[in-house]
2 protein chains.
Amino acid sequence: MSGVSLKDIAKACGMSVATVSKALNGRDDISPATRELVRHTAQQMDYLPNSAARMLKTRRSYTIGVLLEDAAGSGLTHEYFSRVLQGFKNEAEMLGYDITFLRNVNRKMGFLENCLYRGLDGAVVVNKDFDDPEVRKLLNETSFPCVTIDYVCNTRTSIESDNVKGMHTLTSYVCSEGHSRIAYIHGEGEAEVTKRRVAAFYTALEENDISIPDEYLVEGKYLHSKDAAACTKRLMELPKPPTCIMYPDDMTAFGGIEYLRSVGIRVPEDVSVTGYDGSEFSQRLLPPLTTYWQNAEKMGQEAAKELITSIEHPKTSYLKRITIEGALWKGDTVRKIETN
Amino acid sequence: MSGVSLKDIAKACGMSVATVSKALNGRDDISPATRELVRHTAQQMDYLPNSAARMLKTRRSYTIGVLLEDAAGSGLTHEYFSRVLQGFKNEAEMLGYDITFLRNVNRKMGFLENCLYRGLDGAVVVNKDFDDPEVRKLLNETSFPCVTIDYVCNTRTSIESDNVKGMHTLTSYVCSEGHSRIAYIHGEGEAEVTKRRVAAFYTALEENDISIPDEYLVEGKYLHSKDAAACTKRLMELPKPPTCIMYPDDMTAFGGIEYLRSVGIRVPEDVSVTGYDGSEFSQRLLPPLTTYWQNAEKMGQEAAKELITSIEHPKTSYLKRITIEGALWKGDTVRKIETN
DNA sequence: AATATTGTCTTAAACGATTTCGATCTTCTG
DNA sequence: CAGAAGATCGAAATCGTTTAAGACAATATT
């Protein structure tokens, strides 16, 4: 235990606690001489401030909560989320904030209550389950500083990747390689992200004068390779199966490729495949996956910047919708089809 | 701001703050009637305790610090570490503790100071850089509750995977497939983990009456695929190159495979390869990687259990060295060699 | 020279909880 | 019925810090 408090320093220096506090905090009503004396003895005595006391008085914790997990309890282990978190953490720490996780088990206390109880200065929500009533409460019913990632919310600043441009770019690329029987397994749920990608998908098709049967658009689960395998099976058993299948993320693309190869269908010779995310491992596959890379680190970084700005300058900050650009990774899982 | 404190409840109920506090904390010198009254009004008034005040008085934060990052600023994004963290987080939250990261940038305050300043109850250290003076200070110079992962430290309980058994099993498997020209790229540094694996490697060779030239044992960087490629190159340019290369982890194995294939060497037909870790993506490769799976989630989980036990029962807890078992994943990157 | 200003430091209250010790009242014991 | 024991509650100190307001002396102003 450090055990040495302002009082001890005050005693050692023969002055009042207030003076010591102000000296250490660099207030200007302290003479340079005593300020130096105080600082020196504080160092000598291995003084450490007590954040709890400081927090109690100032109502600032310099700590930000992260709401990350999905219901399954994973989340951290998904490369995309961990990259977002990484970017967020680095930036927040750079700006002088600690980060902590919001509890999601033993829910006696909701997320909002957890934030208030712990005196957090703000929170970032990066979670697929934005329908959770607790998450909604956190986002809507209060003025607690929050930013969201991958979710557009009309009460909070949000950071998202360029889903429209991304999906449009990726789809256009597939078209330009000569495909016209293109299937898209889009992620589940009512999320705006999903809707935008689907819209961009159709837009790109229209621009290339391509129309696809309704059966080519199927709903699958994000990041769930087995579900992706099942969707792939259904698609390939259609009377006229697609020549290219686009998946909602790299993980599901892997699942699809695994299934295809298990039934003797070659990728990309027989069927082409695209992913989404630009995960590190997608490029270690043979052949490397055609995918759209999301700049997850930067998304986390921007989220931290925006959140902290809104915490420190609440008056001059306003709701923003920030889009972070990604990039097409051509890879090699989309083969060129000669148009005949 | 919640804004309602014990004082407000006391006023509303017409009793003292002390009684309210004790009623809410379930002390036994409060009559059931008033306890119910207090609880009810507390709920009515949306009362939330203030953790800072509570912390200041009780000197308990119910928060654990995680020291994870390596110098490069990554760590979170490595599947192995994120799995450890995941296991730790889930278990700690189940036991009623929050977790937060220990700051590693802007180091005005060391890790230990950071823990004391923030009133953390304990810390877990999962970091390759155990030579960092700050880390050493945290582990050695104090009685602050800590556990380490993947690092044996004679002052702290440590959790490690069964490196000896793991490397022994993996090497034995390679031998049993008929290989005798086996190279091993071991991770860098003086870490005990590395030493144990090297020892187990040699032990397994001896048991199979195999001796290898010294050039077959090279030092490479953990998790660094480019460095692995360079090491692989050197190995393959030896007069008598190995028939199997064992890498320190899956990531480096990928790097090695990439290099080999880029120069037209087939895996496993020409050269066999093994990894270490059992990452999810190692099984998505074609062919799936031969590797030794480490039960990272369980390591994190056990670390949390041990740490919290030592926090809550300091008297009856003692230093332990806990080993978590993994398992051989045979995969398909080691080919059988007919012995002639 | 009287007053106003400035610079430096202290007093004291406050943040919101916990906890020791004692006070009061009721009930039990012999 | 006197005293002991038990049940229930409150007063007050305390944790370590910040900060508004005031005190005091030295200096500047007129």
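Undergrad: How do you make sense of the overall build of chain A when you look at a structure like this?
TA: Across its full length, chain A holds 12 helices and 12 strands. For chain A, the C-alpha radius of gyration of 26 Å lies well beyond 20 Å, the compact-globule estimate for 340 residues. Structurally, chain A occupies a C-alpha span of about 95 × 35 × 35 Å along its principal axes. Expressed as a percentage of its 340 residues, the buried residues of chain A come to 54%. For chain A, the share of sequence-separated contacts (at least 6 apart) that also reach a separation of at least 24 residues comes to 69%. Distance from the positive charge centre (41 side chains) to the negative charge centre (47 side chains) of chain A: 6 Å.

Undergrad: Explain the sheet that holds strand β6 (residues 182-187) of chain B to me, please; I cannot follow it from the model alone.
TA: The strands that make up a sheet pair up through hydrogen bonds in the backbone, lying either parallel or antiparallel. Residues and elements named next belong to chain B. Taken together, the four strands give an open sheet; going across it, the order is β7-β6-β8-β9, and neighbouring strands pair in parallel fashion. The sheet terminates laterally at β7 (217-220) and β9 (272-274), the two strands that pair on one side only. Strand-to-strand twist of the sheet, defined as the mean angle between neighbouring strand axes without regard to direction, takes the value 20°. Where β6 lies against strand β8 (residues 244-246), three bridges are found, and the strand directions are parallel.

Undergrad: Is there a simple way to explain the relation of the copies chain B and chain A in this structure?
TA: Put simply, the two copies of the chain differ by a rotation about an axis and a shift along that axis. For the match of chain B to chain A, the screw axis carries a shift of 0.0 Å, the RMSD comes to 0.1 Å, and the turn is 180°. Given the turn and translation reported, the copies of this chain are related as if by a two-fold rotation axis. Judged by C-alpha distance, B:T100 is the residue of chain B that lies nearest the rotation axis, at 2.0 Å. Most of the interface of chain B is mirrored in chain A, where 100% of its interface residues again form contacts.

Undergrad: How should I be thinking about the nonpolar core in this particular structure?
TA: One broad trend across soluble globular proteins is that nonpolar side chains are buried collectively. Ranked by size, the top nonpolar core spans 145 residues in total, and within it A:F88, A:M246, B:F88 and B:M246 carry the most contacts. Once residues within four sequence positions are removed from consideration, A:F88 is found in contact with A:I64, A:V66, A:I99, A:V124, A:G300, A:Q301, A:A303, A:A304 and A:L307. Counting 16 residues, the second largest nonpolar core, distinct from the first, contains B:L102, B:V135, B:Y151 and B:C153.

Undergrad: What is the right way to read the protein's contact with DNA strand C from this model?
TA: If you check the shell around DNA strand C, you find 29 residues, and the closest are A:T19, A:R59, B:L6, B:R27 and B:Y47. Sugar and phosphate atoms form 65% of the subset of DNA strand C atoms that lie within 4 Å of the protein. Measuring from a phosphate oxygen of DNA strand C, one finds a side-chain N or O atom of A:T19 at 2.3 Å. For the surface near DNA strand C, the secondary-structure elements that each account for two or more residues are α2 (17-24) and α4 (51-58) of chain A together with α2 (17-24) and α4 (51-58) of chain B. Here the element with the most residues in the surface near DNA strand C is α4(B); it accounts for five residues. Looking at side-chain class alone, the surface near DNA strand C contains 12 nonpolar, nine polar and eight charged residues.

Undergrad: Could you clarify how one ought to interpret the protein's contact with DNA strand D in this entry?
TA: Around DNA strand D sit 28 residues, and of these A:L6, A:R27, A:Y47, B:T19 and B:R59 come closest. When the atoms of DNA strand D within 4 Å of the protein are sorted by group, sugar and phosphate make up 67%. Take A:N50: an N or O atom from its main chain is 3.3 Å from a phosphate oxygen of DNA strand D. At a separation of 3.1 Å, a phosphate oxygen of DNA strand D approaches a polar side-chain atom of A:R54.

Undergrad: Hey, could you run me through the pattern of salt bridges in this one?
TA: Any two side chains of opposite charge can pair, given that their charged atoms come close. According to the stated counting rule, one finds 40 salt bridges over all chains in the structure shown. For the salt bridge of A:K165 with A:D162, the shortest nitrogen-to-oxygen distance reads 3.9 Å. Linking B:K320 and B:E306 is a salt bridge whose minimum nitrogen-to-oxygen distance equals 3.3 Å. Of this pair, B:K320 sits in the loop between α12 (296-312) and β11 (321-324) while B:E306 sits in helix α12, placing them 14 residues apart in sequence. Ionic contacts of the salt-bridge type, sharing partners, join the residues A:E79, A:R83 and A:E297 into one network.

Undergrad: Whenever I open this one, the environment of A:G187 confuses me. Can you help?
TA: All names here are of chain A. The topology assignment puts G187 in strand β6 (residues 182-187). Taking C-alpha positions, G187 is 9.8 Å from T252, a pair spaced 65 residues apart along the chain. Among all residues touching G187, those that are not within four sequence positions of it are T194, E219, G220, Y222 and P248.

Undergrad: Hey, could you run me through the packing of helix α5 (residues 79-94) of chain A against helix α12 (residues 296-312) of chain A in this one?
TA: Axis angle and axis distance: for two packed helices, these are the angle between their axes and the distance between the axes, and together they describe the pair. All names here are of chain A. Two elements in contact, α5 and α12, have axes whose closest approach is 6 Å; the angle formed by their N-to-C orientations is 40°. Classified by the angle between their axes, α5 and α12 sit oblique to one another. As for the relative orientation of α5 and α12, their crossing is right-handed in sense. Contacts between α5 and α12 involve Y80, R83, V84, G87, F88, E91 and A92 on the former and, on the latter, A296, E297, M299, G300, Q301, A303, A304, K305, L307 and I308.

Undergrad: What is the right way to look at unusual backbone geometry in this model?
TA: A negative phi angle characterises most non-glycine residues, just as the trans form characterises most peptide bonds. Omega for the peptide link from A:V267 to A:P268 comes to 5°, which places this bond in the cis form. Structurally, the position occupied by A:P268 is in the loop between α11 (250-262) and β9 (272-274). A positive phi is found at B:D209, a non-glycine position, where the angle reads about 55°. With respect to the helices and strands, B:D209 occurs in the loop between α9 (192-207) and β7. In this structure, B:L223 is a non-glycine residue whose phi angle is positive, near 60°. Position of B:L223 among the secondary structure elements: in the loop between β7 and α10 (225-236).

Undergrad: Any chance you could explain the domain arrangement of chain A here in plain terms?
TA: Quoted interface sizes are often the accessible area lost when the parts come together. Domain parsing of chain A yields domain 1 (6-49), domain 2 (63-161 + 297-322) and domain 3 (163-294). For domain 1 of chain A versus domain 3 of chain A, the separation of C-alpha centres amounts to 64 Å.

Undergrad: Help me understand the interface of chain B and chain A, please; the structure alone is not making it clear to me.
TA: On the side of chain A, 50 residues touch chain B, which itself brings 49 residues to the contact. Between chain B and chain A lies a buried interface of about 4900 Å² when both sides are counted; carbon and sulfur atoms form 60% of it. Of all residues in chain B, B:Y117, B:F281 and B:R284 give up the largest surface area on contact with chain A, accounting jointly for 14% of the area buried on that side. Joining chain B to chain A, the criterion identifies four salt bridges. Between B:R118 and A:D98 there is a salt bridge, with its nearest N and O atoms 3.3 Å apart. The interface formed by chain B and chain A includes 12 residue pairs in polar contact (both at pLDDT 80 or more).

Undergrad: Looking at this model, I keep getting lost on the side chain of B:E91. Mind explaining?
TA: Tracing the chain through its elements places B:E91 in helix α5 (residues 79-94). Buried and unpaired, B:E91 has no salt bridge, with B:K305 as the nearest side chain of opposite charge at 4.8 Å.

Undergrad: I keep staring at α12(B) and nothing clicks. Help me out?
TA: In an α-helix, one turn spans 3.6 residues, which is why side chains three or four residues apart end up on the same side. Taking 1.5 Å of rise per residue, 17 residues should cover 24 Å, and α12(B) covers 24 Å from first to last C-alpha, within 8% of that figure. Where α12(B) is concerned, the buried positions are B:A296, B:M299, B:G300, B:E302, B:A303, B:A304, B:E306, B:L307, B:I308 and B:I311.

Undergrad: What is the right way to read the packing of aromatic side chains from this model?
TA: Given two aromatic rings, one states the distance between the centres and the angle between the planes to describe the pair. Counted under the stated rule, the structure contains 18 aromatic pairs over all chains. Taking 5.2 Å as the distance between ring centres and 85° as the angle between the ring planes, the aromatic pair formed by A:F281 and B:F254 counts as edge-to-face. Highlighted residues: A:F281 in the loop between β9 and β10 (291-293) and B:F254 in helix α11 (residues 250-262), drawn from two different chains. Ring centres 6.1 Å apart and planes at 5° place the aromatic pair B:W293 and B:W329 in the stacked group. One end of the pair, B:W293, is in strand β10 (residues 291-293); the other, B:W329, is in strand β12 (residues 327-329), and 36 residues separate them in sequence. Put simply, the rings of A:F254, A:F281, B:F254 and B:F281 touch in pairs and so form one group of aromatic residues. Lying across the ring of A:F101, B:K89 places its NZ or CZ 4.9 Å from the centre. A cation over an aromatic ring shows up here: B:K320 above the ring of B:Y318, its NZ or CZ 5.2 Å from the ring centre.

About the thresholds
Residues numbered from 1 in each chain as written. Chains lettered and ligands numbered in written order. Predicted model: local features only at pLDDT ≥ 70, side-chain atom pairs only at ≥ 80, totals over all residues. Heavy atoms only, no water. Helix = DSSP H or I, 4+ residues; strand = E, 2+ residues; numbered from the N terminus. Rg over C-alpha atoms; globule rule 2.2 N^0.38 Å. Buried < 20%, exposed > 50% of the residue type's maximum accessible area, 1.4 Å probe, protein only. Contact = heavy atoms within 4.5 Å. Lys, Arg positive; Asp, Glu negative; His and termini not counted. Charge placed at Lys NZ, Arg CZ, Asp CG, Glu CD. Pairing = 2+ DSSP bridges. Axes fitted to C-alpha atoms, helices over the stretch in contact; angles between N-to-C directions. Least-squares fit on C-alpha atoms with pLDDT ≥ 70 in both. Core = buried A, V, L, I, M, F, W, Y, C linked by side-chain atoms within 4.5 Å. Near = heavy atom within 4 Å. Polar contact = N/O pair within 3.5 Å; in protein donor to acceptor, adjacent residues only side chain to side chain. Nonpolar A, V, L, I, M, F, W, Y, C, P; charged D, E, K, R; others polar. Salt bridge = Lys/Arg side-chain N within 4 Å of Asp/Glu carboxyl O. Parallel < 35°, antiparallel > 145°, perpendicular 65-115°, else oblique. Left-handed = near helix turned anticlockwise from the far one by under 90°. Domains from an automatic or database assignment. Buried area = accessible area lost by both parts, 1.4 Å probe. Expected span 1.5 Å × (residues − 1). Phe/Tyr/Trp six-rings, centres within 6.5 Å; stacked < 30°, edge-to-face > 60°. Lys NZ or Arg CZ within 6 Å of the ring centre and 35° of its normal.

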